[in-house]
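Examining the three-dimensional arrangement
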2 protein chains.
Amino acid sequence: MADGSDQRALQYEQTLMYGRYTQELGVYAKEEAARLRESGPRRSVSEQSRSLDLLEYKGRCAKCRICTVRCQKFLISRVGEDWIFLILLGLLMALVSWVVDFCIAICLQAQNWMYGGLDSNVFLQYLAWVTYPVVLITFSAGFTQILAPQAVGSGIPEMKTILRGVVLKEYLTFKTFVAKVIGLTCALGSGMPLGKEGPFVHIASLCAALLSKFMSLFGGIYEEPALVGIKNESRNIEMLAAACAVGVGCCFAAPIGGVLFSIEVTSTFFAVRNYWRGFFAATFSAFIFRVLAVWNRDEETITALFKTRFRLDFPFDLQELPAFAVIGIASGFGGALFVYLNRLIVQFMRKQKTINKFLMKKRLLYPALVTLLISTLTFPPGFGQFMAGKLTQKESLVTLLDNRTWAKQGIAEEFDYIGHAQAWKHPQVNVFVTLVLFIVMKFWMSALATTIPVPCGAFMPVFVIGAAFGRLVGESMAAWFPDGIHADGFIYPIVPGGYAVVGAAALSGAVTHTVSTAVIVFELTGQISHILPVMIAVILANAVAQSLQPSLYDSIIRIKKLPYLPELGWGHHEKYNIRVEDIMVRDVRYITLNCCYRDLHNVLTSGHLKTLALVETAESMILLGSIERAQLQSLLSQQLSRSRRLEYIRERAAAEKKRLSVVSNSDSDDGRQRASQEVRFQISTEESSFSPTRPAGQKPLKPALKRPSVVERPTELPTSPHDHSSIALKNLFCSSPDAEALEDDDVEDDMTLREIAEWEEKQLDEQVDFSTCKIDPAPFQLVERTSLHKTHTIFSLLGLDHAYVTSIGRLIGVVSLKELRKAIEGSVTVKGVKVRPPLASFRDSGTSSSETEATELHKLWDRHKSVSLPGDRTPSESDEKSQ
Amino acid sequence: MADGSDQRALQYEQTLMYGRYTQELGVYAKEEAARLRESGPRRSVSEQSRSLDLLEYKGRCAKCRICTVRCQKFLISRVGEDWIFLILLGLLMALVSWVVDFCIAICLQAQNWMYGGLDSNVFLQYLAWVTYPVVLITFSAGFTQILAPQAVGSGIPEMKTILRGVVLKEYLTFKTFVAKVIGLTCALGSGMPLGKEGPFVHIASLCAALLSKFMSLFGGIYEEPALVGIKNESRNIEMLAAACAVGVGCCFAAPIGGVLFSIEVTSTFFAVRNYWRGFFAATFSAFIFRVLAVWNRDEETITALFKTRFRLDFPFDLQELPAFAVIGIASGFGGALFVYLNRLIVQFMRKQKTINKFLMKKRLLYPALVTLLISTLTFPPGFGQFMAGKLTQKESLVTLLDNRTWAKQGIAEEFDYIGHAQAWKHPQVNVFVTLVLFIVMKFWMSALATTIPVPCGAFMPVFVIGAAFGRLVGESMAAWFPDGIHADGFIYPIVPGGYAVVGAAALSGAVTHTVSTAVIVFELTGQISHILPVMIAVILANAVAQSLQPSLYDSIIRIKKLPYLPELGWGHHEKYNIRVEDIMVRDVRYITLNCCYRDLHNVLTSGHLKTLALVETAESMILLGSIERAQLQSLLSQQLSRSRRLEYIRERAAAEKKRLSVVSNSDSDDGRQRASQEVRFQISTEESSFSPTRPAGQKPLKPALKRPSVVERPTELPTSPHDHSSIALKNLFCSSPDAEALEDDDVEDDMTLREIAEWEEKQLDEQVDFSTCKIDPAPFQLVERTSLHKTHTIFSLLGLDHAYVTSIGRLIGVVSLKELRKAIEGSVTVKGVKVRPPLASFRDSGTSSSETEATELHKLWDRHKSVSLPGDRTPSESDEKSQ
């Protein structure tokens, strides 16, 4: 896996690792703001023309018109309101969810119809049974691959990353939306064990992003386009968080569970102020989703998706609780195993070179092969008869949640396996064997199927497996205690369906590391009577699974190498022992306020941090702010730009001329030639005149930010500032030499390469003028003694990428996400053992640190005294100011 | 209300405003850590003696002993684990909840028994009906007043404040726990319309705090006592958040709703990593709470608290949804009215001087009078017959959630009002009239009753009123559509009980501004079939209520003047327009690194900020850190301390002696007297010898921090440093002059007052030595252009009290909670109108601000150049460093 030498493996990895993070959201928002600002005036012109039209219009219905226009204006101004947006989002997602469900149902019916129609010939039947899903899955994989490879997979891991403040490229575009919806419909229509939950989170986010774009076309949302950037930044995050809730909510018609699940799965810190957004949109979406079902005559009224009919008076006995606890613990192990298995398959596929070589040749072969394998095994007349292969996912879930007992001893023959439940009955084989086979087969099939590069989730398959496991335990209990456990009075037989509910919640909770699957289960079944068993099982499952494996989504985040910050976990006492000073990078790249361009160049060539610290002087190290790399690059390129060089030539020529005018009297032959040159220069100087405050060569900062290639390239820079080719350097930093060349075309660039090199060397020695540079004047600062726990909290709260460590104004280190991740994971893997990072011993003696603080302060103070002494400032001056 | 002249009003206010915030949690944690560190060695000594005992013990069961001790040690080491703590907390709270419920039930039974036993005489019956609650409430009020006035009221507002990071004095002590539990039991036992939810949140937090203290006695929790402070700080907050969930969870046996409700009510930003804690503890607590009911033979198995039996197949018709929406909107208005009414009563009681004078004379008169009024009106043979006055709160809720229809047209006589439901039937009056009377009367009664100074909540009364309102709408619908609305096929009659469920959730949601009441309602009734109507009604109710009034808890926070940060609200577009520069205080109090003690003194006397900014110089204004006021006070007091003055006397005497020894030869008479004095001085110098690094007069910082009076007092300081009495100044800053006087008793303080004044003046002119002072090296910084929205987020995320506004290292302003609150509330009240703060116009011209930034940078740069010039540093030096 680690050897990147195999090109094919890399290719394959690229399909999984599409989403490298490229830009901070803030930058993106600023660009958007700038774009909108530019388009602003155009819009207002069209508005003006409209009002002019209005004035021209005369007659009796003028009033009506005015009224209409006002209403229209009012409506447009309302369009920006959050609740309108949320209602539209909910409506849209409910429609999408319903249409997708409808299409999936048709696809599955078609397969069933083909299979049923060919019952004369088993071979033909098999062909139909197998070909249909293979075609669908291959189409889905190919379609998404061609249209938008970002649509592959669940979407929850990516949304988690996006909500952390990272912008994933091309992740929220219309193309991705189309690819995801169509790909998902085909994938689920094939009958493979795949889910629609994860993709729906992504689709809802896509919807939100597109809707947001669409509504911003109306323009009435914001008053000042200049502020759009700031607004969009926080508003987008808020809306995406709500969209995630809508995604889950309209998928299962579970508004509350949807909100909670999306919070647990995507957020580290949740703003309670956004709570209502999620609830509002998810409720509306779930409502419309179910209303569509009523409208389509599927249901008589709004009910739960998988309604159960357990008895209300005595849902379960207190003495059944140990069995529920067992389900919980077993599900915990099962969930961890599922995550492990899923990761193992992905890693195995990457590692195996021979397999890879073969599979990579035809990219669609892997999905087809996996589908072939799975559908062959579920072929009902074949092995499928032992594992209810005939049933679709939905049908199996309905039968598993049935409130009747399948294997009641003695009265087994009474039970007549109505409808789909027949599939579980096999003449030769016990129902227990069927269930065990179903669980085992579906387990690895689901883990395998979710690695297919199509839009798919893993929640629903896991949910069904959990339900089957619960049903198995329940049936066993029913067989063990045919008359129920309760001793005195009435007989309350055991309800295996209740066990299925508990199992479903527990296993899905274990795989996703969430507690809210409990709520989803209540909303899905429409019954809350098993609340305590479900809660107990889910919590136990979570406890076990979280101590063994990361959640499925975190596992995918790691596989895809998305930027992430690991959680601190359940027991994190050892984290309190680590402090920022133990993990920070002490060798900080910085630039001083009075540095020259050569320093800038050196700093830019020696590392590739995205932001650099700006300190007062190298001795004081007082942190003043941070500057983005691109800003510094533009500063440097501006200093070495062609226009400045041409100016230099002009100045030199002018100086030459002056000198010549003194000499001209004595030497007239040469004088004429020089004069003609001089005139040419004078004209050109006027043409390319620029104000002294803002040189023409100064590029606006946007292009540099927009083009990631500029940020990526500097590693190619020669490391030594002296032995490089100056032209190369200039070309590298000048963003558009061609344009400049055109502009100053009439100035003769008669400098030789050596002259240019000399000129550049001289330029590099000049002091940097930061006045045109955008500085972040308050980068986030930590103290040496901040605990890892607190650092983690702050990083995840504010979505930081890095933070400077300061001590009384002095910059002493920097901590980035990388160091933090290392520190947390380092101590997580050696859990139980008391991990003391090497540097931790420095601060064990209680007060030593505060003493060093004082010493440092002293140093600063002494330095300051020595500096201020020659500044001949009287003490009375500072007295007056501080009063 | 605002005129503080009336002393009685103030007294009364004190009972409501007990919880002023006094200390930051961090300080508290540090003190605790120091305390534990001191007690650490003692403990280890006792442990050593124990192991010595072990070695002494000989014989065959030595192995057993060793094993036991090991087990014990293991168990003790496990005690610190979170889950053990949470289980214990859950268990404890379930027991408390159950016992409180049990006692309340007995109290209510007793009242019923008395009332029933005296049915021969109406007057005696009335006396018994009225006296009993009056006595109980008066006892409750008196008991809490005497033992712990902090126990009064709900507790949720205070917990919200505590979870923001503020320490409320005496709020989490054992005394408060006892007062709250006993007071609550008596208050609820009286049958007044009061709830137990809010107090249970407080009780659970008390339990958590006490349990945490108790478990820290075991000592095995943490390895290094020096780190306890850091751990406690974050751990306490985490545990308190979990405790709030437990409080709600075990009160209603609603684990999920409990967690969500506590999050919504107490947090602004919620750490998802704490989620499991709440679920774990609340589930365990709810489980034990219900198991106790089973064990007590109240229930056959674990079921919901107020189980409903609505039909499952067709819970409600789609066409009933408008009625549910009406309930939601009406509840929204009702909830806002309730909050308004409650606040109005409190403010009215404070304002009315004559009433206050009378009531304040006898503090218990107000509760008694209110109770008398309410119980008189509910007297069943009197007015109570028209409003089901006979029923307790629990009984009325059970009857309201009944799944039968009370007022079915035509078949009204069929319905035989079984059990408690009879109370709603009146021979002369329609059931609609009874319901309306019940709603109206209970509404103001609840609003009034919750102002009584006893431990009480308002959730349950509001819940019951909501249920009654829902039932009213439901009965009306049932009367309107006797055969249900559904047109085709079967007849599905309307279920008024379902409306009651919706109404209860909507009204309680509106009053508390939460959505999770929906979940609580499902868990309370054990049925989730009405999920969509409930969600729709709750969201509509919230939308209406939130736009009209703050939540009940926020309203109480304002009444009690607790520190708070208002929410930004639903639509907060105008907040994006305001920036930090518009609201910040530009005139920041600061001290410079090279200031003298006189500056310190001036700064301390001229304002009373809790922390002061430390800048490099008054010109550069580079922010280096912040120092707490108490630290500066101790610095100043140390400088002017008696011990330093005595030292000065000694030194002066020594100098005198030297001078004398030169003169002594010539003047022998005087010499003898002087010599004797000198000897005395020499002895004393040896006795009170101190190291030069830490003068004896330097107080540890704790006392100053612990005594809030020191922090409060400086307003008494004379404003001019010159015309004050020096002795007064010295006494003010020297925390314990008596102790010092004893210590240096043998040194004769022969300075006259004038000399002392002179000496102090000289001392004040010395430069401050910050080396012994604790400086926060990285106070939180914002930029001028940070939006109000972002500032709010950061303040509530990090629980900040104030933040400095810097621009490229320079301190330019400060924003505290107060300014932020003003800015948010200012623009909230003038909603709709575009609010532009006066200063906002300065930055409308797009790039102007970045230009000023650049100019400032330039200034700094120029200054720096001028400073560094005399420092004769070669440019090559900085080159080397920056490379």
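Keep in mind the model is a prediction, meaning the values are calculated, not measured. (Residues numbered from 1 in each chain as written. Chains lettered and ligands numbered in written order. Predicted model: local features only at pLDDT ≥ 70, side-chain atom pairs only at ≥ 80, totals over all residues. Heavy atoms only, no water.)

Notes on the overall build of chain A
When helices and strands are counted, chain A shows 35 helices and 10 strands. Of all 883 residues assigned to chain A, the portion counted as buried reaches 57%. Pairs at least 24 apart in sequence give 79% of the contacts found in chain A among residues at least 6 apart. For chain A, the exposed surface amounts to about 37100 Å²; the carbon and sulfur share of it is 60%. (Helix = DSSP H or I, 4+ residues; strand = E, 2+ residues; numbered from the N terminus. Buried < 20%, exposed > 50% of the residue type's maximum accessible area, 1.4 Å probe, protein only. Contact = heavy atoms within 4.5 Å. Areas by Shrake-Rupley, 256 points an atom, 1.4 Å probe, with all protein chains shown as cover.)

Section: the environment of Phe280 of chain B
Mapped onto the elements of the fold, Phe280 of chain B is located in helix α11 (residues 275-295). Phe280 of chain B gets classed as buried once you look at its relative accessible area, which sits at 14%. Considering only alpha carbons, one finds Phe280 of chain B and Ala245 of chain B, 35 residues apart in sequence, at a separation of 9.7 Å. Contacts of Phe280 of chain B, omitting those with residues within four sequence positions, involve Ile539 of chain A together with Trp83, Leu86 and Ile87 of chain B.

So, a nonpolar patch on the surface
Residue and element names in this part refer to chain A. Together, Leu88, Leu91 and Leu95 give the surface a local cluster of nonpolar side chains, amounting to about 210 Å² of exposed area. Within the secondary structure, Leu95 is located in helix α4 (residues 82-117). On the accessibility criterion, Leu95 (38% relative accessible area) is partly exposed. (Patch = residues over 30% accessible without salt bridge, like charges linked within 9 Å, V, L, I, M, F, W, Y side chains within 5 Å. Salt bridge = Lys/Arg side-chain N within 4 Å of Asp/Glu carboxyl O.)

Some points on helix α14 (residues 365-378) of chain B
Helical geometry note: an α-helix holds 3.6 residues per turn, so side chains three or four residues apart project in the same direction. Along its 14 residues, α14 of chain B runs 20 Å from first to last C-alpha, staying within 8% of the 20 Å computed at 1.5 Å per residue. Looking only at α14 of chain B, the buried set comprises Tyr366, Pro367, Ala368, Val370, Thr371, Ile374, Ser375 and Thr378 of chain B. (Expected span 1.5 Å × (residues − 1).)

Quick look at the sheet that holds strand β8 (residues 781-782) of chain B
The sheet built from three strands is open, its strands ordered β8-β9-β10 (chain B) with mixed pairing. Looking at the sheet topology across the chains shown, the edges are occupied by β8 and β10 (810-816) of chain B. (Pairing = 2+ DSSP bridges.)

Overview of unusual backbone geometry
Within the chain, Lys561 of chain A stands out as a residue other than glycine whose phi angle is a positive 55°. Note on placement: Lys561 of chain A falls in the loop between α21 (552-559) and α22 (580-583). The backbone of Ala253 of chain B sits at a positive phi, close to 55°, despite the residue not being glycine. With respect to the helices and strands, the residue Ala253 of chain B is situated in the loop between α9 (228-252) and α10 (255-266).

Quick word on the sheet that holds strand β7 (residues 775-776) of chain A
Residues and elements named next belong to chain A. Read from one edge of the open sheet, four strands run β4-β5-β6-β7, paired in mixed fashion. Only two strands of the sheet have a single partner each, and these edge strands are β4 (590-592) and β7. Judged from the three bridges that link them, β4 and strand β5 (residues 611-615) form a sheet pairing that is parallel. Among the inter-strand pairings, Thr592 is bridged to a residue of β5, identified as Val615.

Observations concerning the packing of aromatic side chains
All names here are of chain A. In the structure shown here, the tally under the stated rule is 38 aromatic pairs over all chains. Plain terms: the ring middles of Tyr126 and Phe379 are 5.2 Å apart, the flat faces sit at 80° to each other, and that makes the pair edge-to-face. Within this pair, whereas Tyr126 is found in helix α5 (residues 122-147), its partner Phe379 is found in the loop between α14 (365-377) and α15 (393-400), the two being separated by 253 residues in sequence. When its relative accessible area of 24% is taken as the criterion, Tyr126 is described as partly exposed. Each member of the aromatic cluster is reached from another via a ring pair, and the members are Tyr115, Tyr126, Trp129 and Phe379. In this structure, Lys196 is placed above the aromatic ring of Phe200, and the distance from its NZ or CZ to the ring centre is 4.7 Å. (Phe/Tyr/Trp six-rings, centres within 6.5 Å; stacked < 30°, edge-to-face > 60°. Lys NZ or Arg CZ within 6 Å of the ring centre and 35° of its normal.)

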